[in-house]
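# Architecture at a glance
Here's the letter readout for the chains.
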Amino acid sequence: MATMYVTDREGGEHVIEIENGTNIMEPLREIDNGVEALCGGMCSCATCHVFIEDEWARKLGEVRDDELELLEDTECFREGNSRLSCQVKMAPELDGMRLTVAPEE
């Protein structure tokens, strides 16, 4: 089990326990003011957009071209911090990760 610290769209704080290997989008769909994830995790929309704090963003793999293309089309894209939560799997090195759900567009 790992822990994520999440700030939702309204500024609410959440502590989420998540199994390693689990896509982080799933529990973010369950919280109030979390992600919408309209495509269900297929990397075909940007409704699961989150901002990963610098310390944790550096621990993630490179952003794939299809993910980056979707992110760059959003109004609130942040180079180095924007990720689609459907493309991030929890791993032991991410235990304690902090992120913020991006504003709805």
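Above this text is the structure in question.
Figured I'd write up the structure that's included with this text. Counting of residues starts from 1 at the beginning of each chain's written sequence and follows it residue by residue. Residue-level local features of this predicted model are given only where pLDDT is at least 70; pairs of side-chain atoms are given and counted only at 80 or more, and the full residue set underlies all totals for whole chains, interfaces and linings. Excluding hydrogens and water, the side-chain values take into account all heavy atoms of the structure.

### A word on the environment of Ala 91
Along the chain, the position of Ala 91 falls in the loop between β4 (82–84) and β5 (97–101). Distance from Ala 91 to Ile 18, taken between C-alpha atoms, is 9.6 Å for residues 73 residues apart in sequence. Only DSSP runs of H or I with at least four residues qualify as helices, and only runs of E with at least two residues qualify as strands; both kinds are numbered from the N terminus onward.

### A closer look at the sheet that holds strand β1 (residues 2–7)
Taken together, 5 strands build an open sheet; the order of strands is β2-β1-β5-β3-β4 and the sheet is mixed. Single-partner strands in this sheet number two, and they are β2 (13–18) and β4. Recorded for the sheet is a direction-independent mean angle of 35° between the axes of neighbouring strands. Two strands pair if DSSP finds at least two bridges between them. In the sheet, β1 pairs with β5 via 4 bridges, with the strands oriented parallel. Looking across to β5, one finds that Met 4 is bridged to Met 97. Across the sheet, helix α3 (residues 65–72) touches β3 (49–52) and β4, and the angle it forms with β4 is around 120°. To define axes, lines are fitted to C-alpha atoms, for helices over the stretch in contact only, and angles between the resulting N-to-C directions are given on a 0 to 180 degree scale. A contact between two residues is defined here by any heavy atoms of the two lying within 4.5 Å.

### Considerations on the pairing of β5
Burial along β5 is one-sided: the face carrying Met 97, Leu 99 and Val 101 is buried and the face carrying Arg 98 and Thr 100 is not. Where β3 lies against β5, 3 bridges are found, and the strand directions are antiparallel. When the bridges of β5 are listed, Ile 52 appears paired with Leu 99. Note on exposure labels: buried denotes an accessible area under 20% of the residue type's maximum, exposed denotes more than 50%, and partly exposed covers the range between, all computed with a 1.4 Å probe on protein chains only.

### Digging into the packing of aromatic side chains
Stacked, tilted and edge-to-face pairs are distinguished by plane angle, under 30 degrees for stacked and over 60 for edge-to-face with tilted covering the rest, among Phe, Tyr and Trp rings (Trp via its six-membered ring) whose centres lie within 6.5 Å. Summed over all chains, the structure comprises 0 aromatic pairs. When the ring centre of Phe 51 is taken as reference, the NZ or CZ atom of Arg 78 above it lies at 3.7 Å. We count a charge as sitting over a ring when the NZ of a lysine or the CZ of an arginine lies within 6 Å of the ring centre and within 35 degrees of the ring normal. If you follow Arg 98 out to its NZ or CZ, it ends over the ring of Tyr 5, 4.4 Å from the centre.

### What to know about the environment of Asp 95
With respect to the element layout, Asp 95 can be found in the loop between β4 and β5. When the C-alpha positions of Asp 95 and Asn 20 are compared, they lie 8.8 Å apart, and in sequence the two are 75 residues distant. Not counting residues up to four positions away in its chain, the partners in contact with Asp 95 are Ala 2, Thr 3, Trp 56 and Met 90. Within 3.5 Å is the distance limit for a polar contact, defined as a pair of N or O atoms, with the added protein rule that one can donate a hydrogen and the other accept it, and that residues adjacent in sequence qualify only through two side-chain atoms. Of note is the side chain of Asp 95, whose polar atom sits 2.7 Å from the backbone nitrogen of Thr 3.

### Brief notes about the environment of Gln 87
Structurally, the position occupied by Gln 87 is in the loop between β4 and β5. Through-space distance from the C-alpha of Gln 87 to that of Ile 24 is 8.1 Å; in sequence the pair is 63 residues apart. Those residues in contact with Gln 87 that sit more than four places away from it in its chain are Asn 23, Gly 41, Cys 43, Arg 64 and Glu 67.

### A look at the side chain of Asn 81
Take Asn 81: it is sitting in the loop between α3 and β4. One polar contact links Asn 81 to Asp 54, side chain to side chain, over a distance of 2.8 Å. Discounting chain neighbours no more than four positions away, the residues touching Asn 81 are Val 50, Phe 51, Ile 52, Glu 53, Asp 54 and Ala 57.

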